[in-house]
Amino acid sequence: MGISEESSIEPLYEKIWVKYTLSRVMDSIILFLLVLLLCYRVFSYDEMNHHSYPWFLAFMCESWFTFTWLTIISTKWNPSYTISYPHRLFSRVAELPSVDLFVTTADPVLEPPIITVNTVLSLLALDYPSNKLSCYVSDDGCSPLNLYALVEASKFAKLWVPFCKKYNVKTRAPFRFFDSNNNNEATAPNNSPEFMQEWLAIKDGYEHLCSKIQNATKKSIMLDQEFHVFSTTQLNNHPTIIKVIWENKEGASDGVPHLIYVSREKNPNHLHRYKAGAMNVLTRVSGLMTNAPYILNVDCDMHVNNPEIAQHALCILMDPNSDKEIAFVQCPQQFYDGLKDDPFGNQLVTVFVYIGGGVSGIQGIYYVGTNCFHRRKVLYGLSPHHHIQNGNKDLGKSSKKDIIFGSSEEFVESAAQALEGKKTFTQNANLCNSLEAAKEVAASGYEHGTDWGNKVGWMYGSSAEDILTGLTMHTKGWRSESCVTDPIAFMGCTAQDSVVQIAQSQRWGSGLLEIFFSKNCPIFGTIFGKLQFRQCLAYIWVTTWAFRSVPETCYALLPAYCIITNSYFLPKDLGVLIPAALLVTYNMSTLLEYLKTGLSVRSWWNNLRMSRITAMNPWIFSFVTILLKKLRIHDYAFVVTKKELPSSNEGLDKNNVNAGGRFIFNRSLVFVPGTTILLLQLTALIINFFGWQPKARSGGQGSGFGELICSIYVVLFYLPFLKGLFRKGKYGIPLSTICKSMGLALLFVHISMFIV
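Residues numbered from 1 in each chain as written. Predicted model: local features only at pLDDT ≥ 70, side-chain atom pairs only at ≥ 80, totals over all residues. Heavy atoms only, no water.

A. Seen up close, the overall build of the protein chain. Counting its secondary structure elements, the protein chain contains 27 helices and twelve strands. Relative to the 2.2 N^0.38 estimate, which gives 27 Å for 756 residues, the radius of gyration of the protein chain is 28 Å and therefore close to what a compact globule would have. If you line up the protein chain on its principal axes, its C-alpha atoms span 90 × 55 × 55 Å. Residues classed as buried in the protein chain amount to 57% of the 756 residues present. Taking contacts inside the protein chain between residues at least 6 apart in sequence as the whole, the part at least 24 apart equals 84%. Just so you have it, the protein chain exposes about 32,000 Å², and 60% of that area is on carbon and sulfur atoms. Within the protein chain, one finds 66 positive and 61 negative side-chain charges whose respective centroids are separated by 6 Å. (Helix = DSSP H or I, 4+ residues; strand = E, 2+ residues; numbered from the N terminus. Rg over C-alpha atoms; globule rule 2.2 N^0.38 Å. Buried < 20%, exposed > 50% of the residue type's maximum accessible area, 1.4 Å probe, protein only. Contact = heavy atoms within 4.5 Å. Areas by Shrake-Rupley, 256 points an atom, 1.4 Å probe, with all protein chains shown as cover. Lys, Arg positive; Asp, Glu negative; His and termini not counted. Charge placed at Lys NZ, Arg CZ, Asp CG, Glu CD.)

In structure tokens:
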């Protein structure tokens, strides 16, 4: 893997800086208007009299909005992206390094095996020497169905992988390749009779694979032979199961890479640490079996969309200046099943362009838990300027070794070689020789008393283990880079209904806020570590999502309160021009960002609406959940997101209005805040329309046109909830939720009148 000096002049990648001048100007105007509004409130406070309550509350909320906007401006100010040159990599590297591929799944019902199988097949078919790849699949659901699906997939892979490389197939997830709406494979060489003959044979093989997996899903798998170990397992109480499904024993560069199934031991007496725990087990197991210097981790639904992504990422990681600077390379998330105009605001296109690009220009993009290439030695706790020899001396001490990596001598040896940056730990002629040692490091109690999850591997302490792990690396002084390719590197499936999306947002909000209120708070990372100040602000923005629920909910209630009590919270006379200009400028700024990224006006409105709904519904429960946890009253559980594969009949028809986009509701309490806010706004509008407001006290001014517009604005945000009041079935808000919200709304009105 040596790099020749004569070609060292040309970099393997370049960092390109972008200047969004109009965006900077608009963002600065918004910040100026926010500060101006705060100053107006401060200098006008003495004149408020009985209006001081809503005035003061508005001031507190707007102060938080100003701080949040400051963190956003800081993050977005110097956006950048990278351009990689894979052709230079081949000319400078004598031998490509090994890469271990991690795929995680946790529930065969919520994450159907056919989705995992497609992701695995796309990884096995990467444009990369097969003898340099090893794919590890973590099954945290300990399901014989997942193992059966992978065994059958390995048989199909012997046809699929050579076919993809022979014809340079671009889409290497079979379900996407054979989809009738995917027309990007119709290139000239692929129209030959030979290609069509093989295409039909491969399609028959894939349909047979799907049929076998579907039949196994409907029927119980015979727990004999290699599946016998599952006969006595329980979901949270079972021994370690590691199966070498396929081994590339000949070391053929054009064959099928290693495929290993891992289900770590679970015991009711030990914490399992959810996804972070599973990733750490994969790290140790792979360290014993193949010990590649680089690791790619993907979620089970994120298939490869650009087969050359490994070369692109390695251009960044193997650049001579990157070894002591860059910890990981993050690829953006995009979704193949995104609904038209993004009705649930979960496709995150502008977030990756503006926030992701902006944070890339500081200390590096966030680690988002999938589509990421890691340096193994960084996961082992190495700092950018750590002296390897000193580290090895520490490893030589038995007590130090046990504290850092655990009691396995074999694993400590592999870790030492990974830290030294050696080519690889001895490639076993037979992976099965490492099975016993691998089972030892996958035991549920192996990490007890070690640094795993604290200083080594994926970090524990939050359900948002991805952000926490990336934050830990940045705090040590590492940088990260984004890798945006054409076509996009990975594509996955996104939430297809509001219930799943809101549950996912609640989990994110809880995990991120838990980081902020922990010893890993980004503020501490700047004070005591090497986290840059602006990077700290970027992490504060993302880790305080759930905290935003408090000021946003209060601010949304202010118009209704002021109309009901005939008071006001907006400036009067010419002062009202400040919030009016702020509203117009903010909407214009965000709209321009969406239009510049090729999205529609409808998509902009849907995302604007969902950002308000998310802040005032799932995030408020995230905030309460973390509050209860910190008070040691109640803990929260990790929720697996439901994933679905489009049926062959539906394809990817985003224009089919029946396929999705309509809000659905259930009896969960998470829909109570939004329903209550809507009912309060409607009550306030009715009171205003019929003139039922009380007289303004002391002859002062009451609520005006501004409060009325704000109330209507909130109703527009909650239009899906308004429709839900009149719909039935899953598209209607349950009667129990409406009754609870009506009770809360009446209580709010009563308290409001009492305060007045």
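B. Geometry of the side chain of Thr350. With respect to the helices and strands, the residue Thr350 is situated in helix 10 (residues 349-360). Thr350 sits in the buried class, given a relative accessible area of 9%. When sequence neighbours within four positions are dropped, the list of residues in contact with Thr350 reads Ile355, Glu593, Tyr594, Thr597 and Leu599.

C. Examining a positive patch on the surface more closely. A cluster of basic residues, Lys340, Arg602, Arg662, Lys723, Arg727 and Lys730, forms a positive patch at the surface. Following the sequence through the fold, Lys730 ends up in the loop between helix 26 (719-724) and helix 27 (735-755). (Patch = residues over 30% accessible without salt bridge, like charges linked within 9 Å, V, L, I, M, F, W, Y side chains within 5 Å. Salt bridge = Lys/Arg side-chain N within 4 Å of Asp/Glu carboxyl O.)

D. Inspection of the pattern of salt bridges at higher detail. Throughout the structure, instances matching the rule amount to 25 salt bridges. Salt-bridge contacts for Arg264 lead to Asp140; the nearest nitrogen and oxygen are separated by 2.7 Å. Of the two residues, Arg264 is situated in the loop between strand 6 (258-263) and helix 8 (274-289) and Asp140 in the loop between strand 4 (133-139) and helix 5 (144-166); the sequence distance between them amounts to 124 residues. Taking the relative accessible area as the measure of exposure, Arg264 reaches 7% and is therefore buried. In this structure, the salt-bridge partner of Glu552 is Arg548, at a minimum N-O distance of 3.6 Å. Among the residues examined, Arg548 registers a relative accessible area of 12% and is labelled buried. By sharing partners, the salt bridges in this structure join Lys15, Glu325, Arg479 and Glu481 into a single network.

E. Structural view of a nonpolar patch on the surface. On the surface, a nonpolar cluster with roughly 660 Å² of combined accessible area is contributed by Tyr53, Leu744, Leu747, Ile751, Phe754 and Ile755. Residue position: Ile755 is located in helix 27. For Ile755, a relative accessible area of 42% puts it in the partly exposed group.

F. Just the pairing of strand 2 (residues 80-84), in detail. Of the two faces of strand 2, only one is covered, namely that formed by Ser80, Thr82 and Ser84; the face formed by Tyr81 and Ile83 stays uncovered. Where strand 1 (residues 13-17) meets strand 2, five bridges bridge the pair, whose relative direction is antiparallel. Looking across to strand 2, one finds that Glu14 is bridged to Ile83. (Pairing = 2+ DSSP bridges.)

G. Up close: the packing of aromatic side chains. A complete count under the given rule lists 49 aromatic pairs for this structure. When the centroid spacing of 6.0 Å and the interplanar angle of 50° are considered together, the rings of Phe156 and Tyr206 count as tilted. Within this pair, whereas Phe156 is found in helix 5, its partner Tyr206 is found in helix 7 (residues 193-218), the two being separated by 50 residues in sequence. With respect to burial, Phe156 and Tyr206 carry one shared label: buried. Seen in terms of ring centroids, Phe178 and Trp199 are 5.6 Å apart; in terms of plane orientation they differ by 65°. Their pairing is edge-to-face. With Phe178 in the loop between helix 6 (174-177) and helix 7 and Trp199 in helix 7, this pair connects stretches of sequence that are 21 residues apart. With respect to class, Phe178 is no different from Trp199; both count as buried. An aromatic cluster is defined as three or more aromatic residues linked by ring pairs; in this entry it consists of Phe156, Trp160, Phe163, Tyr167, Phe177, Phe178, Phe195, Trp199 and Tyr206. Here the basic side chain of Arg41 rests over the ring of Trp55, its NZ or CZ set 4.5 Å away from the ring centre. (Phe/Tyr/Trp six-rings, centres within 6.5 Å; stacked < 30°, edge-to-face > 60°. Lys NZ or Arg CZ within 6 Å of the ring centre and 35° of its normal.)

H. Main features of the nonpolar core. Counting 82 residues, the largest nonpolar core has Leu123, Cys135, Trp160, Phe163, Ile309, Phe373 and Phe490 as its most contacted members. When residues in this core are grouped by element, the largest group, 13 residues, is from helix 5. Beyond its immediate stretch of four places on either side in the chain, Trp160 contacts Leu121, Ala125, Thr171, Arg172, Ala173, Pro174, Phe177, Phe178 and Ile202. Residues Met289, Tyr367, Phe411 and Val441 belong to the second largest nonpolar core, which totals 42 residues. (Core = buried A, V, L, I, M, F, W, Y, C linked by side-chain atoms within 4.5 Å.)

I. Here's a closer look at the sheet that holds strand 6. Strand order in the open sheet formed by eight strands is 5-6-4-3-7-10-9-11, and the pairing between neighbours is mixed. Of all strands in the sheet, those bounded by a partner on one side alone are strand 5 (241-246) and strand 11 (479-482). Strand-to-strand twist across the sheet, computed as the mean angle between neighbouring axes with direction ignored, equals 20°. Alignment of strand 7 (residues 294-299) against strand 10 (residues 372-375), held across four bridges, turns out to be antiparallel. Bridging from a neighbouring strand, Tyr294 pairs with Arg375 of strand 10. Each of strand 3 (99-105), strand 7, strand 9 (326-330), strand 10 and strand 11 is contacted by helix 9 (residues 309-317), which is oriented at about 155° to strand 9, the strand it contacts most. (Axes fitted to C-alpha atoms, helices over the stretch in contact; angles between N-to-C directions.)

J. Summary view of the packing of helix 20 (residues 549-565) against helix 25 (residues 705-717). Running from N to C, helix 20 and helix 25 point in directions that differ by 130°, and their axes come no closer than 9 Å. With respect to helix 25, the axis of helix 20 lies oblique. Of the two elements, helix 20 crosses helix 25, and the hand of that crossing is left-handed. Residue-level contacts link Ala556, Pro559, Cys562 and Ile563 of helix 20 to Glu707, Leu708, Cys710, Ser711 and Val714 of helix 25. A class-by-class count of the residues in the contact of helix 20 with helix 25 yields seven nonpolar, one polar and one charged. (Parallel < 35°, antiparallel > 145°, perpendicular 65-115°, else oblique. Left-handed = near helix turned anticlockwise from the far one by under 90°. Nonpolar A, V, L, I, M, F, W, Y, C, P; charged D, E, K, R; others polar.)

K. Representation of the side chain of Gln496. Looking at the secondary structure, you find Gln496 in the loop between strand 12 (490-491) and helix 17 (498-516). A distance of 3.1 Å separates the side chain of Gln496 from the side chain of Asp337, its partner in a polar contact. In this structure the side chain of Gln496 is engaged in a polar contact, spanning 3.0 Å, whose partner is the backbone oxygen of Thr494. Setting aside residues up to four positions removed in sequence, Gln496 forms contacts with Asp337, Leu339, Phe344 and Glu644. (Polar contact = N/O pair within 3.5 Å; in protein donor to acceptor, adjacent residues only side chain to side chain.)

L. Helix 19 (residues 533-543), seen in detail. Counting buried positions over the eleven residues of helix 19 gives nine, a clear majority of the element. The set of residues buried in helix 19 consists of Gln535, Cys536, Leu537, Ala538, Tyr539, Ile540, Trp541, Val542 and Thr543.

M. Spotlight on the environment of Ser752. Positionally, Ser752 belongs in helix 27. Excluding anything up to four places from it in sequence, Ser752 contacts Tyr561 and Thr565. Polar contacts involving the side chain of Ser752 include one to the main-chain carbonyl oxygen of Phe748, which spans 2.7 Å.

N. Spotlight on the confidence of the model for the protein chain. In this model, the protein chain carries a mean pLDDT of 90, and residues with pLDDT of at least 70 account for 92%. Overall, residues 1-8 carries pLDDT values under 50, and its contacts beyond four positions in sequence, including any with other chains, amount to 14 contacts. Long-range and interchain partners of residues 648-659, a stretch whose pLDDT sits below 50, account for 15 contacts in this model, where long-range means more than four residues apart. (pLDDT = per-residue confidence, 0-100.)

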